[in-house]
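# Remarks on the overall topology
The chain contents come next:
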Amino acid sequence: MANTELCFLNVTELAPLLRARKLSPVEIVHALLERIDTLNGDLIAYLHISAEHALAAAQAAEIEIGSGGYRGPLHGIPVAYKDIYDVQGMPTTAASKVMAGYVAAEDSTVAARLRRAGAICLGKLNTIEFASGSMEVFGTARNPWNTAMFPGGSSSGSGNALAADMVPLATGSDTGGSIRNPASFCGIVGLKPTYGRISRAGIIPLSWSLDHAGPMARTVADTALMLQAIAGPDRRDPSATVQPVPDYHAALKGDLQGIRLGVPRSYYFEHADPDVVAAVHSAIETMQQLGATVREIDLPHSCYGSSASWSIAYTESFAFHRANFFARSRDYTPAFLHKITGAACLTAEERVTAQRLRQVITAEFLAALADVDAIVTSTTAYPAYPIGGTSPQADMHSLTRPVSLTGLPALAVPCGFTSTGLPASMQLIGRAWEESTVLRIGHAYEQAAGWHTHRPPLEARPVPQPPASPAPPSGSVDAQWVLDFARLTGLSFVTEADAAPVAAALSPVKAQLAEARERLAPSCEPPVRSALV
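Quick look at the structure, then. In this text, all values refer to a predicted model and were calculated from it rather than measured experimentally.

The next point concerns the overall build of the chain. When you go through the chain residue by residue, the secondary structure sums to 16 helices and 11 strands. Its C-alpha atoms give the chain a radius of gyration of 22 Å, within 12% of the compact-globule value 24 Å for 533 residues. Counting only C-alpha atoms and orienting by the principal axes, one finds that the chain spans roughly 70 × 55 × 50 Å. Restricting the contact set of the chain to residue pairs at least 6 apart, pairs at least 24 apart contribute 80%. A total of about 19400 Å² of accessible surface is found on the chain, and carbon and sulfur atoms cover 53% of it.

Have a look at this one:
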């Protein structure tokens, strides 16, 4: 088999060949390293390539499999890690100057579990700085479907490395959509599991209460196999659940008879690319043909989920980075510094409003899921947009952030292409701890539709001009307001040059929170216990 063809094989195709010793892990690693060498200069997917260690691990796996020590379907399978995951002996940069010189002394829990499963680490993947800045330090990853386009973020390198067949499995992290967005833009599969399903230990946090570690792959079956290996409780992470871990791969059987799907009446299909909406509706029709029934549902406060998620995530991030902001703020990219500083300029009442929204949005999802098995939406309202451009969806119109607030599992699955050849994706949202259900639905659809068999052209194409982003809500925050607030609260690192971009990030958030506050019932409390209890 030619090296290029080896790179195209998925885990479910590679594993039987490895177990039967018809294929060596060394052959797979050699093939992928050759492809990485050819493509990475243009796609900028990998920040660190561990060729020597990967080959040594592949040789060890070959010997172990040959001597009867086969560990399971990930034994001898290459994996790569978003560069906020610690892997022993390798640098973790988080795509930031702040992390220069750091080398991990031990594995993150996810890396340790994949190592025990026999997976082979190929290297570390590009990311937006600390999962929420920019990629200006090492270069912006490019979308394999059109290299002039953005691959989504923040798990950018994970998305484009998978789409370009430079690795069969990758890790991601999702705080407000950072697994699902690159999965959507790059035409691959990404799972944000239930909060607590996978340990966060050894992963640089963006937001302690919203971060979800998760698997990314080219197929739903491969995603299920990876989830099996990394899920479960962990003494290193108090939020990691003691819930039992089912056999996810075994659940990928049968049609969709008896499955009830809910489709939101509002928000999730509004102000969207017509090709994306058509692709998702076509996917819903396909799932109906497979036996699913569909009903409309209401999620009326989802339209405020973006500001709530933004406020909670970046307030927590400011707490994590606060000391460095005062000591070395110019070592951060401006995108990260300005966004996180904006969260530091929220009032106490606005932060409570965000928590109250978290509670009411979670309650709406749980009520809907009492009557359906999964909720179907577009993953992103638009396909990938040009590098250096702005998203036509805008930060306050996210389709992934409301789900992140709830902690519920959400699976992004490719569901077609736009007229310009860019991937479209649907989001399947399930009940807490029921990843098996969304994986079953996603797998049945994937096998019927066949989009996972398409391969990207790996070249630049004419750049379609997306529509302008929706106008942000008007607000009273301007540069002078930011400077005054910074002076009053002691944010001494904020300069005059910072004030205008901080105001631009913060103003639409404050405006949306103000609108939401007027709609919240007086009896709506912030969370006083786990949102899933």
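Having seen the model, we can carry on.
Applying the stated rule across the entire model yields 17 aromatic pairs. For the pair F185 and Y385, a centre-to-centre distance of 6.0 Å together with 90° between the ring planes defines the contact as edge-to-face. Taken as a pair, F185 in helix α7 (residues 180-186) and Y385 in the loop between β9 (374-378) and α13 (401-406) lie far apart in primary sequence, 200 residues in all. Classification of Y385 by relative accessible area gives buried; the value is 14%.

Now for the pairing of strand β8 (residues 293-297). With five bridges connecting them, strand β7 (residues 260-264) and β8 associate as parallel partners. Bridge pairing in β8 links P264 to I297.

All right, on to the nonpolar core then. With 170 residues, the main nonpolar core has Y46, M287 and M426 as its most contacted residues. Sorting elements by how many residues they give to this core places helix α3 (residues 25-43) first, with nine residues. M426 has contacts with V280, A283, M287, V376, T377, S378, T379, L411, A412, V413, C415 and Y445, leaving out every residue within four places of it along the chain.

This paragraph deals with the pattern of salt bridges. One pass over the structure, following the stated rule, counts 21 salt bridges. As a salt-bridge pair, E64 and R71 come within 2.9 Å of each other at their nearest N and O atoms. As a salt-bridge pair, D237 and R200 come within 3.3 Å of each other at their nearest N and O atoms. With D237 in the loop between α8 (220-230) and β7 and R200 in the loop between β5 (189-192) and β6 (212-217), this pair connects stretches of sequence that are 37 residues apart. As far as the burial class goes, D237 and R200 line up, both buried. Each of R260, D373, R431 and E434 takes part in one network of salt bridges that share partners.

Before going further, it helps to spend a moment on the state of the cysteines. The final tally for this structure, using the stated rule, is zero disulfides. There is no disulfide at C7, and the cysteine sulfur nearest it, in C121, is 17 Å away. With no disulfide of its own, C303 lies 14 Å from the sulfur of C524, the closest cysteine sulfur.

Moving on: unusual backbone geometry. Along the chain, G153 connects to S154 via a cis peptide bond; the corresponding omega equals 10°. Within the fold, S154 resides in the loop between β3 (120-125) and α6 (156-163). A positive phi is found at A94, a non-glycine position, where the angle reads about 50°. Considering the arrangement of structural elements, one finds A94 in the loop between β2 (78-82) and α5 (109-116). For W433, which is not glycine, the phi dihedral falls at a positive 70°.

Another aspect to go through is the environment of T380. With respect to the secondary-structure elements, T380 resides in the loop between β9 and α13. By relative accessible area, T380 is classed as buried at 3%. Taking the C-alpha atoms as reference points, T380 and P182, separated by 198 residues in sequence, lie 9.7 Å from one another. A distance of 2.7 Å separates a polar atom in the side chain of T380 from a polar atom in the side chain of S184. Polar contacts involving the side chain of T380 include one to the main-chain carbonyl oxygen of Y382, which spans 2.9 Å.

Glancing now at the pairing of β6. With six of its six residues buried, β6 lies for the most part within the structure. Covered by surrounding structure in β6 are H212, G214 and M216 together with A213, P215 and A217, the residues of both alternating faces. Where β5 meets β6, two bridges bridge the pair, whose relative direction is antiparallel. Considered in β6, the bridge of V189 is made with A217.

With that settled, the discussion passes to helix α16 (residues 496-519). Its 24 residues place the ends of α16 35 Å apart at the C-alpha level, agreeing with the 34 Å of an ideal helix rising 1.5 Å per residue. The principal kink in α16, of about 30°, is found at L506, preceding the proline P508 by one to four residues.

Inspection of the secondary structure assignment puts T223 in helix α8. Of the residues examined, T223 reaches a relative accessible area of 0% and is grouped as buried.

Right, let's talk about the environment of S311 for a bit. Structurally, S311 can be placed in helix α10 (residues 305-328). Distance in space between the C-alpha atoms of S311 and V352 is 9.6 Å, their sequence separation being 41 residues. Setting aside its immediate chain neighbours within four residues, S311 contacts L346, A354, V509 and L513.

Attention shifts here to the environment of A460. Inspection of the secondary structure puts A460 in the loop between α14 (435-449) and α15 (479-489). Separated by 311 residues in sequence, A460 and M149 place their C-alpha atoms 8.2 Å apart. The residues touching A460, leaving out its near neighbours within four places in the chain, are N146, T147 and A148.

Closest axis-to-axis distance for the α15/α16 pair is 7 Å, and the angle between their directions is 100°. Considering their axes alone, α15 and α16 lie roughly perpendicular with respect to each other. Mapping the contact onto sequence places A479, W481, V482 and L483 in α15 and E496, A499, A500, V502, A503, L506 and K510 in α16. For the contact of α15 with α16, a count of residues per class yields nine nonpolar, no polar and two charged.

Quick notes on the rules
Residues numbered from 1 in each chain as written. Predicted model: local features only at pLDDT ≥ 70, side-chain atom pairs only at ≥ 80, totals over all residues. Heavy atoms only, no water. Helix = DSSP H or I, 4+ residues; strand = E, 2+ residues; numbered from the N terminus. Rg over C-alpha atoms; globule rule 2.2 N^0.38 Å. Contact = heavy atoms within 4.5 Å. Areas by Shrake-Rupley, 256 points an atom, 1.4 Å probe, with all protein chains shown as cover. Phe/Tyr/Trp six-rings, centres within 6.5 Å; stacked < 30°, edge-to-face > 60°. Buried < 20%, exposed > 50% of the residue type's maximum accessible area, 1.4 Å probe, protein only. Pairing = 2+ DSSP bridges. Core = buried A, V, L, I, M, F, W, Y, C linked by side-chain atoms within 4.5 Å. Salt bridge = Lys/Arg side-chain N within 4 Å of Asp/Glu carboxyl O. Disulfide = S-S within 2.5 Å. Polar contact = N/O pair within 3.5 Å; in protein donor to acceptor, adjacent residues only side chain to side chain. Expected span 1.5 Å × (residues − 1). Bend = angle between axes of the 7 residues up to and from the residue. Axes fitted to C-alpha atoms, helices over the stretch in contact; angles between N-to-C directions. Parallel < 35°, antiparallel > 145°, perpendicular 65-115°, else oblique. Nonpolar A, V, L, I, M, F, W, Y, C, P; charged D, E, K, R; others polar.

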